[in-house]
Amino acid sequence: MNRFLFPFLTFLILSITLFPQGRGTIRGLIKDSESGEVLPYCNVLVQELNKGASTDSRGYFIMTGVPAQRYYTVIVSYIGYESQTLDVFVAPNKITHVDINLKVKSYQLDTIEKVGERGVHEKDTDVSLERINIRDIEIRPQGVETDIFRSLQYYSGVQSSSDISARYNVRGGATNQNLVLFNGSTIYSPFHALGLFSVIDPEIINSVEFYKGGFPTKYGGRLSSVLAMNSKEGNRYNFGGRASSSYLSGKLMAEGPIPDGSFIISARKSYSNQILKKFLNDKNAPVDFYDLAFNVNYLNPDIVKGRKFSVYGFASGDNIDNPDASKEDFKWSNKMFGIKWFQMVTDSPLFYEFNVSWSLFNGEVDPNGSAARARENEIRDLTIRSDFNYLQESKDEVGAGFEIKEIRSQLFFENKRGALVDLGAYSVSIVFFANYKLFRFDNFGVEAGTRFNVTRLAKGTAGEGFFEPRLTLNYRFSPLLNMKAAWGIYNQEFTTITNENEVITVFEPWIITPKYLKPAQSNH
């Protein structure tokens, strides 16, 4: 491993070179003209070069290695918005930054309606990535109301765990092997109401990235898939709100500007259980739940240009209170709070992000007069994470970062003698990750990297670090035909005690894999 790591790091360091003469960079931020909300996955085309790019989840795009000392025609397009064309002058050894505001398009429908367009991802090496638009989710068949998790079942490689559940299995993996992230922070119990739908209200979500395997080095800790959801930032120009209801719940959403920023908050509460009986053969479903999410953003270019500071939070709770004393009661909750700092370096094609988050999961089973045994589970997760991305003039990209995770877990359960036993643990995980994207060739792209886990999560395993190398390839035969391949090693040290044969799983306590067992491992 040392023989592999030293040349790899040396290659990364030597690859960060200065701009050669005669070339420059075009960088931009694309937003909605009415709300100021960033627009992820927009298509950007430089007409004279016939080269394109797409915005990331933050609304940014960047194109390096552009021949300088001339004007270029840049065309920006996005479904549902009017395309915009602008002239951009590229200076040598400089970054030309443009802010683009797209207007919502009004359609006059005749015989033909435009429903989609092909994205610009010429050298994208993500072999199993689905970039999901919320508008696409809203038009898919739903159970009770629009739900992100239920929409995943319509993608290839994803299967529902049962006909009535929103839990999903990805390419043979278990439901607890799917990583669910909200603004980069882990949600440990992302399901409401017996697992019928998710705890995330799609109205507050701006972008969704769903990796069905072969995910990059910045993600780890799960074997099967990654669902990364980023919230909206709120309207920067006007105050607004929305109220709605379904047969199951009522929802409220408010957004608006603050000095040098914006906010958005969304809340949902159940008020009727009648619709749930349709899922449970007219059996009573004493379900009571709520969820709340918010995001506050601050951006002042007069202080530090290109910096964005965000404070976000999330909370959800479920309570199953059976009126029959012979049946057990359940309750579980999630709480999350995070601070994120994103920085775009003004005179360099460098992006970096720093995120500190705290996440709490608590679940409990009260047996009442049933034969079930009392159980209680609590997970406290404090995570510090940072990652850097540098785009070179050759169009290659260097990425690196670290993640420090402190976890306190408690699992109390009642044994056959009626005594409470605790299987909890305290652990700290330190992970470094790095990758290099070779994008300098027109028809060929490579991404190589690794995660290095300094130690295992299990207590008493100091010095037992391990690598998780990963490699993806992309070869473009023509503008319409790509071949992609991926390989990687993935580990998971955090799992649930569950019965995968249950049609409806109510309580899934989390536990750290003890040190006398090897972590679960998967080769993609």
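Computed from a prediction, not measured in an experiment: that's the story for all the values here.

All chains considered together, the criterion is met by 22 salt bridges. Salt-bridge contacts for Glu130 lead to Lys212; the nearest nitrogen and oxygen are separated by 3.3 Å. Note that Glu130 is positioned in strand E8 (residues 129–132) and Lys212 in the loop between strand E15 (205–211) and strand E16 (225–231), a separation of 82 residues in sequence. You can call Lys212 buried: its relative accessible area is 4%. Its salt-bridge partner being Glu364, residue Lys331 comes within 3.8 Å of it at the nearest N-O pair. Here Lys331, found in strand E22 (residues 329–344), pairs with Glu364, found in strand E23 (residues 350–366); they are 33 residues apart in sequence, far enough to count as distant. Taking the relative accessible area as the measure of exposure, Glu364 reaches 26% and is therefore partly exposed. Shared partners join several salt bridges into a network, and the residues in it are Asp201, Glu203, Arg242 and Lys251.

Our next topic: unusual backbone geometry. Of note in the backbone geometry, Asn183 takes a positive phi value of approximately 55 degrees without being a glycine. By secondary structure assignment, the location of Asn183 is in the loop between strand E11 (178–182) and strand E12 (185–186). In this structure, Lys395 is a non-glycine residue whose phi angle is positive, near 80 degrees. Counting through the fold element by element, Lys395 comes out in the loop between strand E24 (375–391) and strand E25 (397–414).

This next bit is on the confidence of the model for the protein. Counting all residues, the mean pLDDT for the protein is 85, and 88% of those residues have values of 70 or more. When pLDDT is averaged over each helix and strand of the protein, the minimum, 51, is found for helix H1 (residues 2–15) and the maximum, 95, for E11. Within the model, pLDDT remains below 50 along residues 14–20, and this stretch shows 13 contacts once partners closer than five positions in the same chain are excluded.

Now for the sheet that holds strand E1 (residues 23–32). The sheet built from 3 strands is open, its strands ordered E4-E1-E7 with mixed pairing. At either end of the open sheet lies a strand with only one pairing partner, and these are strand E4 (60–67) and strand E7 (95–102). This sheet shows a mean twist of 20 degrees between the axes of neighbouring strands, independent of strand direction. Two elements, E1 and E4, share 6 bridges in a ladder whose sense is antiparallel. Bridge assignment links Arg27 to a residue of E4, and that residue is Ile62.

Cut-off values and rules
- As a convention, each chain's residues are numbered from 1 in the sequence order in which they are written.
- Note on the predicted model: pLDDT of at least 70 is required for a residue's local features to be given, and 80 or more for side-chain atom pairs to be given and counted; whole-chain, interface and lining totals, by contrast, use all residues.
- Think of the side-chain values as coming from all heavy atoms in the structure, minus any hydrogens and water.
- Any Lys or Arg side-chain nitrogen found within 4 Å of a carboxyl oxygen on Asp or Glu counts as a salt bridge.
- Counting from the N terminus, the helices are the DSSP runs of H or I reaching at least four residues and the strands are the DSSP runs of E reaching at least two.
- We call a residue buried when its accessible area falls under 20% of the maximum for its residue type, exposed when it is over 50%, and partly exposed in between, using a 1.4 Å probe and counting protein chains only.
- Looking at any residue, its pLDDT shows the predictor's confidence there, from 0 to 100.
- Pairs of residues are marked as contacts when any of their non-hydrogen atoms sit within 4.5 Å.
- Strands pair, by our definition, only if DSSP identifies at least two bridges between them.
- In this description, a line fitted to the C-alpha atoms serves as the axis of each element, helices being fitted only across the stretch in contact, and the angle between N-to-C directions of two axes falls anywhere from 0 to 180 degrees.

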